[in-house]
Amino acid sequence: MKTVITYGTFDLFHVGHLRILTRAKALGNRLIVAVSTDEFNFVKGKSSVIPYASRAEIVAGLSCVDQVIPEENWDQKISDIKNWSVDVFVMGHDWDGKFDYLSDYCEVTYLDRTSGVSSTMIKRTVGASSSSAIGF
Ligand code: CTP
């Protein structure tokens, strides 16, 4: 059993999200996705259109995802790796090098992002206010 973990907001779920999760799963047998809570997004200076419960439900419904946990702070990664017996930590290349310190605990891999799409771009395109959440 090889367990992979990755983290993200996954707002307005798009094909870049699907591709990175599919490729993350292919690095092992079990994929855990830590989805940022609305409160943690606020700390990060982000706000999602879709609330946490729905973002987590969407990610949990993917065939490549085995488990969803909440991402509630910057410091939980080492304990997540230990608690869930994680072998591989995966992030997109936008985080290149930022999590190398985790290589004391597991393998750390950065995957290429899909070009031309992001939650921010979709928000801009549809003109949605990033500060107004949808209540479902
Ligand atoms: N990701 C990706 N390709 C994209 C967009 C995101 O591979 N085009 C990856 C990110 O690198 C990250 C994960 O998907 O590992 C979750 O990213 P998230 O920040 O939730 O998505 P973005 O679309 O980048 O959101 P934002 O525009 O708010 O930064």
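Definitions and cut-offs
- Residues numbered from 1 in each chain as written.
- Predicted model: local features only at pLDDT ≥ 70, side-chain atom pairs only at ≥ 80, totals over all residues.
- Heavy atoms only, no water.
- Near = heavy atom within 4 Å.
- Polar contact = N/O pair within 3.5 Å; in protein donor to acceptor, adjacent residues only side chain to side chain.
- Areas by Shrake-Rupley, 256 points an atom, 1.4 Å probe, with all protein chains shown as cover.
- 1 Å grid on protein atoms, 1.4 Å probe; cavity = no way out; pocket = protein on both sides within 12 Å on 5 of 7 lines; lining within 4 Å.
- Sits in = over half its atoms within 2 Å of the grid points.
- Helix = DSSP H or I, 4+ residues; strand = E, 2+ residues; numbered from the N terminus.
- Nonpolar A, V, L, I, M, F, W, Y, C, P; charged D, E, K, R; others polar.
- Phe/Tyr/Trp six-rings, centres within 6.5 Å; stacked < 30°, edge-to-face > 60°.
- Lys NZ or Arg CZ within 6 Å of the ring centre and 35° of its normal.
- Buried < 20%, exposed > 50% of the residue type's maximum accessible area, 1.4 Å probe, protein only.
- Core = buried A, V, L, I, M, F, W, Y, C linked by side-chain atoms within 4.5 Å.
- Contact = heavy atoms within 4.5 Å.

A.B. asks: Which parts of the structure should I look at to understand the site of the ligand?
C.D. replies: Within the structure, the ligand sits among 15 residues, and Asp94, Thr114, Val117, Ser119 and Thr120 are positioned closest to it. One of the side-chain N or O atoms of Lys46 is found 3.3 Å from an oxygen atom in the ligand. For the ligand, the protein covers 92% of the area, taking 570 Å² as the surface of the free molecule. Among the cavities detected, the one that contains the ligand is the largest pocket. Those elements that place two or more of their residues in the shell around the ligand are helix H1 (15–25) and helix H5 (119–126). In terms of residue count, the dominant contributor to the shell around the ligand is H1 (3 residues). In terms of residue class, the shell around the ligand is made up of 3 nonpolar, 9 polar and 3 charged.

A.B. asks: I'm lost on the packing of aromatic side chains in this one. Help?
C.D. replies: Each pair of aromatic rings is reported with the distance of its centres and the angle of its planes. In total, this model carries 7 aromatic pairs according to the counting rule given. Centroid distance Phe10 to Phe13: 6.5 Å. Interplanar angle 25°. Geometry classified as stacked. Among the aromatic side chains, those forming a connected cluster through ring pairs are Tyr7, Phe40, Trp74, Phe89, Trp95, Phe99 and Tyr101. For Lys77, the ring lying beneath its charged end belongs to Tyr7, and the centroid distance is 4.9 Å.

A.B. asks: For this particular structure, what's the right way to read the environment of Thr120?
C.D. replies: Checked against the element boundaries, Thr120 lands in helix H5. By relative accessible area, Thr120 is classed as partly exposed at 39%.

A.B. asks: Where do I start with the nonpolar core in this structure?
C.D. replies: Soluble globular proteins tend to bury their nonpolar side chains together. The biggest cluster of nonpolar side chains holds 15 residues, and the ones touching the most others in it are Leu21, Leu31, Val33, Val59 and Val65. Those elements that provide at least two residues to this core are H1, strand E2 (30–36) and strand E4 (88–92). With residues up to four places along the chain from it excluded, the contact list for Leu21 reads Thr6, Phe10, Phe13, Leu31, Val33, Val59, Leu62, Cys64 and Val65. Formed by 14 residues, the second largest nonpolar core is a distinct cluster that contains Tyr7, Ile69, Phe99 and Cys106.

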